[in-house]
Amino acid sequence: MPHPPSHLMQAYARQPVSFVRGRGARLWDAQGIEYLDAIAGVAVTNLGHAHPEIAAAIAEQAGLLLHTSNMFGIAWQERLGERLCSLSGMQRAFFCNSGAEANETALKLARLHGNRKQVAQPQVLVMENSFHGRTLATLAATGNPAVQRGFEPLMPGFLRVPYDNMAAVRQAAEQTPGIVAVLVEPVQGEGGVRVASTDYLRELRTLCDQFDWLLMIDEVQTGMGRTGTWFGYQHAGVMPDVITLAKGLGNGFPIGACLARGPAAELFSPGRHGSTFGGNPLACRVGCTVLDIMESDAIPARAATLGRRLLAGLQDALSGHPNVIAVRGLGLMAGIELDRGCGELVGRALNEQQLLITVTRETTIRLLPPLVCSEAQIDDIVARVARLLSPTQLNHRTTSSCTPLQ
Ligand code: PLP
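To keep things clear, this report deals only with the structure shown in the data block.

Rules of the game
Residues numbered from 1 in each chain as written. Predicted model: local features only at pLDDT ≥ 70, side-chain atom pairs only at ≥ 80, totals over all residues. Heavy atoms only, no water. Helix = DSSP H or I, 4+ residues; strand = E, 2+ residues; numbered from the N terminus. Buried < 20%, exposed > 50% of the residue type's maximum accessible area, 1.4 Å probe, protein only. Contact = heavy atoms within 4.5 Å. Areas by Shrake-Rupley, 256 points an atom, 1.4 Å probe, with all protein chains shown as cover. Lys, Arg positive; Asp, Glu negative; His and termini not counted. Charge placed at Lys NZ, Arg CZ, Asp CG, Glu CD. Pairing = 2+ DSSP bridges. Axes fitted to C-alpha atoms, helices over the stretch in contact; angles between N-to-C directions. Parallel < 35°, antiparallel > 145°, perpendicular 65-115°, else oblique. Nonpolar A, V, L, I, M, F, W, Y, C, P; charged D, E, K, R; others polar. Near = heavy atom within 4 Å. Polar contact = N/O pair within 3.5 Å; in protein donor to acceptor, adjacent residues only side chain to side chain. Phe/Tyr/Trp six-rings, centres within 6.5 Å; stacked < 30°, edge-to-face > 60°. Lys NZ or Arg CZ within 6 Å of the ring centre and 35° of its normal. Arc of directions from axis to C-beta. Core = buried A, V, L, I, M, F, W, Y, C linked by side-chain atoms within 4.5 Å. Domains from an automatic or database assignment.

Okay, the overall build of the chain next. Scanning the chain from N- to C-terminus turns up 13 helices and 17 strands. Its C-alpha atoms give the chain principal-axis dimensions of roughly 60 × 55 × 45 Å. Evaluated residue by residue, the chain yields a buried proportion of 53% over its 406 residues. A sequence separation of at least 24 residues applies to 73% of the contacts in the chain between residues at least 6 apart. For the chain, the exposed surface amounts to about 18,200 Å²; the carbon and sulfur share of it is 54%. With 34 positive and 35 negative side-chain charges, the chain shows a spacing of 2 Å between the two charge centroids.

Time to look at the sheet that holds strand β2 (residues 26-29). Pairing in this open sheet of four strands is mixed, and the strands run β1-β2-β3-β15 from one edge to the other. Lying at the two open borders of the sheet, with one neighbouring strand each, are β1 (19-23) and β15 (355-356). As paired elements, β2 and strand β3 (residues 34-37) share three bridges and run antiparallel to each other. Of the residues in β3, the one forming a bridge with arginine 26 is leucine 36. Of the strands in this sheet, β2, β3 and β15 touch helix α12 (residues 375-388), which is tilted by about 100° from β3.

Let's shift gears to the side chain of glutamate 337. Along the chain, glutamate 337 falls in strand β14 (residues 333-338). Apart from the residues lying within four places of it in its own chain, the contact partners of glutamate 337 are Arg194, Asn323, Val324, Ile325, Ala326, Arg328, Thr363 and Thr364.

Helix packing geometry: the angle between the two helix axes and the distance between the axes. In contact at an axis separation of 10 Å, helix α7 (residues 166-175) and helix α8 (residues 198-211) are set at 10° when each is read in the N-to-C sense. Accordingly, the angle class assigned to the pair α7 and α8 is roughly parallel. Side by side, α7 and α8 meet where Met166, Val169, Arg170 and Ala173 of the first sit next to Tyr200, Glu203, Leu204, Leu207 and Phe211 of the second. When grouped by side-chain class, the residues that make up the contact of α7 with α8 number seven nonpolar, no polar and two charged.

In this section: unusual backbone geometry. Of the consecutive residues glutamate 152 and proline 153, the connecting peptide bond is found in the cis state with omega at 5°. By secondary structure assignment, the location of proline 153 is in the loop between α6 (145-148) and β6 (158-161). In this structure, asparagine 129 is a non-glycine residue whose phi angle is positive, near 75°. Along the chain, asparagine 129 turns up in the loop between β5 (123-127) and α5 (136-141). Of note in the backbone geometry, asparagine 251 takes a positive phi value of approximately 50° without being a glycine.

So, about the site of the ligand. As a structural note, the neighbourhood of the ligand is formed by 13 residues, with Gly99, Ala100, Asp218, Gln221 and Lys247 the closest of them. Alanine 100 is positioned with one of its backbone polar atoms (N or O) 2.8 Å from an oxygen atom of the ligand. Surface burial for the ligand is 81%, taken as the share of its 390 Å² of free accessible area covered by protein chains. The element that contributes the greatest number of residues to the shell around the ligand is helix α4 (residues 99-116), accounting for three residues. Residue classes in the shell around the ligand are distributed as three nonpolar, six polar and four charged.

Here the structure, examined in full by the defined rule, presents five aromatic pairs. Judged by centre distance (5.8 Å) and plane angle (80°), the rings of tyrosine 163 and tyrosine 200 are edge-to-face. Placement of the pair is tyrosine 163 in the loop between β6 and α7 and tyrosine 200 in helix α8, with a sequence separation of 37 residues. Measuring from centroid to centroid gives 5.2 Å for phenylalanine 211 and tryptophan 213, while their planes differ by 20°, and the two rings are stacked. Judged by relative accessible area, tryptophan 213 falls into the buried class, the value being 5%. Residue placement shows arginine 79 over the ring face of tryptophan 76; its charged tip is 4.2 Å from the ring centre.

So, about the side chain of arginine 384. Structurally, arginine 384 is set in helix α12. Only 3.0 Å separates the side chain of arginine 384 from the backbone oxygen of glutamine 354, close enough to count as a polar contact.

Here we come to helix α2 (residues 52-62). Turning to α2, its buried residues are Ile54, Ala57 and Gln61. Buried positions in α2, seen along its axis, are confined to an arc of 60° and lie on one side of it. Tucked inside the fold, the buried residues of α2 contact α3 (75-88) and α9 (281-296).

Among the nonpolar cores identified, the biggest contains 83 residues, and Val184, Ile336 and Leu367 are the most heavily contacted of them. Here this core takes nine residues from α9, the largest share from any one element. A domain-level breakdown of this core finds at least three residues from each of domain 1 (19-50 + 299-398) and domain 2 (52-296). Once you skip the residues sitting within four places of it in the chain, leucine 367 turns out to touch Ala38, Leu310, Leu314, Leu332, Met333, Ala334, Ile336, Ile357, Ile381 and Val385.

Here it is as structure tokens:
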């Protein structure tokens, strides 16, 4: 039957599959076909689908109080702020509804920091290949021309350098006056699962101290246990000035946060920033419940163990594969870089393997399984990916619709 014309703006290239329920790492469509979720709604449903404790917290809070506005005290917001600060080493939180909004908040802090230092043209140092969101400021910060195309003029105030390259940062520091902050991801997720070296974040910290720049870490994808620690920067043992969170913080309920410490935590005064929905009782109670589960089930450590299993399994299964350039990752963030564009594998993985995957930067399969997967599910993901990429399958299927790189 032909589908009626959609009334949705065509902002997404959607797969012709729709799910009606889920449990843990499993999803079912309306026909009852079961799928294995290796993307967790793009690093969101870290604790799996339909987690009973989260469902109960939502139901109870919905029957008590959803929203009052930030004109009033919100006990759940205070509680979530305190817990996130104690886990991260930050001192104050601002709550919003998404990753882009969390980064907007960080960028506003950078501007206020510059303003306080009387910098007339403040610049935020950002990285090639980065992703920070789709709002006008965050897409200007994003290092991907495809995200920016058509939205010019881009917001000024960003200076871009190659990722994981300290020489480029030092050169920028010498040559460009007005830098007030660095915004960086510990692992570039949308950028093809690129893991920064731990020295890089440490040296960025040293340079930020030297020049009085804010070190702002985008933990929207890497945070909340995804990389095997609570936050990605903890692998490097550094303390940022500002971090941003969203995705896994609500396990699917929309919530974002910008956390800061030191002078950066004191930059906002009443009226300088705000959000109608940000930090409402329901969102913050969900965030607290997510933290309860993560603490009681030691989820970051579990992600580290499962992540090692996933990476080793993939490396083993794909070793010597003629089309695989690299298998890399950290915790439960894994990337398989191919020698060709492979966007069509997302649909094939669904149809042929009943497996949810994503493809970033055209050539890299990205896996972001729920952090609550069983070991058997991790092994199953590896087996399904290996079948999907079996050399005969890949070469046979990709010749017509998938472009080898020149
Ligand atoms: N920052 C990073 C590192 C992300 O991966 C994303 C989303 O993928 C964002 C920011 C934007 O988050 P949102 O889509 O919630 O606005």
